[in-house]
Amino acid sequence: MKKVLGLIAASMLLATSALAADAPTFNCDYQPSCEVAPGIYGAMSSPVKSKFDLTIGGYVKLDYAYNSVNLGSNGALLPNGTIPKSSSFAGREDQSILTAKQSRLWFKVAGPTFLGAKTSALIEADFYGTSGNAATENQNAVLRMRHAYGALDWATTQVLFGQTQDIFGPMLANTVDFRTGAATGNPNQPRVPQLRLTQKIPFSDNNSLKLVLGVQNPVQDSNTNAGTVTDTWGTVVNVAAQAMFMSNVLGKAPGYYGMAMNGLTLGGFGLIGSEKVGLPGVAGNNQAVDSYGYGVYAFVPVIGSRDGKNRAMTMSFEAQAYMAYNMLFNGATGNAFAANGRAGTTTVRGDRSGAKGYGIAGQAIFYPTQDLGITAGYQRRNAYNYGSFTAPTAAASTANFEKSNSLLYANVAYDLNAAVRVAAEYENQNTQYGRNTSVAAPSNLGGTANGSDNTIRLALYYFF
């Protein structure tokens, strides 16, 4: 194992040296990464002409991941929970994977004004689309839409329509892993079709209030769309909102990937929705089950930047906590439903109830120099009441439910210049399972045991 990691690391460093030798210096030999600045991927774009001004960007990313358990053909990603039970076959295997499917390409458009508003659009894709052959994961890379939205921006108002990040849960874990901590205290990995309004209310030059209100796609992940009583479908659109106090009194510090420089941000967020679900043992029947969640968020520049751009000797702390009910569709809960049926009945003809759970997350990002970033964080998603997952009969519930799913991570990233970044990361993900004892347990997840994975990750980026 040590020899394998050593060979992989040496190969990636050799590749980095070759890339760095050919990379342009951008007229700044005194500071090789001087062009790395706030922006979607740094100040490295120049407009080209289509119908309107068009900017093309993205990055090439090569990942090597060593996992202490076998996570399957997509083992370059940490899963959204469900680490195989330690005693299972997969739990006794380790795994090495190289992939470039996390590479991205985006197109950004600056269009004509409308009633005083600047108009723009963004389309971003990666290569993690559904493949017809999961066994050959890297050879069947399929283009996948991540973001596709248009926006109208006035001085203090924005209208955005299209597909982008879920409004619920604003924190993104600063991981080298593609998942950004989704489903372990960060439920906002899904990018969903939505229409949102953002209003900024200035109090002074340094302080303001940001309000966000949007409607989002109502289809829940538990939907099978197969005409059975287990089907679920959102009956109304999900409504989500944020309210954030924002201030520059503490200066600014690096956020996600060290590219956005953010000021003090404190506030809350929430979501409400409803769906129709089939009742076990009651063919053709259904009932409405609500979905809702609420939480708090904080971003604190512990050590602010001298000029709001330079990252040297800056540090930030970011955290959030939430409570959610029946929100498997965005990973806020580990299950869609909890207990089904009524105690004391021999035939399952009862009510479905949503699974309730909470999430916590926190991370610190420190840049001792402009080029070197160090991140450490911890997250956890937890079922709220284990007893609610115990059903009166075997047919009323699945054999297992997720008690908790936690993620511990630490990484180091270094910018060789404005284009090339090298990064290394350690992650530990642990899933603890509960079991309805009246049901036979699947071989890989059963009982009240846990599954744990340790991942070592190396990555090379070329931003363009």
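Residues numbered from 1 in each chain as written. Predicted model: local features only at pLDDT ≥ 70, side-chain atom pairs only at ≥ 80, totals over all residues. Heavy atoms only, no water.

Looking at the packing of aromatic side chains
Thought 1: Using the criterion set out here, one finds 9 aromatic pairs in the structure.
Thought 2: Plain terms: the ring middles of Phe168 and Tyr322 are 5.8 Å apart, the flat faces sit at 75 degrees to each other, and that makes the pair edge-to-face. Of this pair, Phe168 sits in the loop between strand E7 (157-165) and strand E8 (191-202) while Tyr322 sits in strand E16 (residues 314-325); the two residues are 154 residues apart in sequence, bridging distant segments of the chain. For the residue pair Phe168 and Tyr322, the accessibility class agrees, reading buried in each case.
Thought 3: Members of the aromatic cluster, joined through ring pairs, are Tyr59, Tyr256, Tyr257, Tyr461 and Phe463.
Thought 4: The ring of Tyr384 carries Lys356 above its face, with NZ or CZ at 4.9 Å from the centroid. (Phe/Tyr/Trp six-rings, centres within 6.5 Å; stacked < 30°, edge-to-face > 60°. Helix = DSSP H or I, 4+ residues; strand = E, 2+ residues; numbered from the N terminus. Buried < 20%, exposed > 50% of the residue type's maximum accessible area, 1.4 Å probe, protein only. Lys NZ or Arg CZ within 6 Å of the ring centre and 35° of its normal.)

Quick notes on unusual backbone geometry
Thought 1: If you check the backbone angles, Ala183 has positive phi at about 75 degrees while not being a glycine.
Thought 2: Relative to the elements of secondary structure, Ala183 occurs in the loop between E7 and E8.
Thought 3: Not every positive phi belongs to a glycine, and Met313 is a case in point at roughly 55 degrees.
Thought 4: The residue Met313 is located in the loop between strand E15 (282-303) and E16 in this model.
Thought 5: For Met313, a relative accessible area of 45% gives the class partly exposed.

Description of the pattern of salt bridges
Thought 1: Going through the model one piece at a time under the given rule, you end up with 11 salt bridges.
Thought 2: The partner of Arg311 in a salt bridge is Asp415, and the shortest N-O contact between them spans 2.9 Å. Taken as a pair, Arg311 in the loop between E15 and E16 and Asp415 in strand E21 (residues 400-415) lie far apart in primary sequence, 104 residues in all.
Thought 3: On the basis of relative accessible area, Asp415 is assigned to the buried category, the value being 4%.
Thought 4: Overlapping salt bridges, with partners in common, bring together Arg104, Glu124, Asp126, Arg144 and Arg146 in one network. (Salt bridge = Lys/Arg side-chain N within 4 Å of Asp/Glu carboxyl O.)

The values reported here are purely geometric and, on their own, carry no functional implication.
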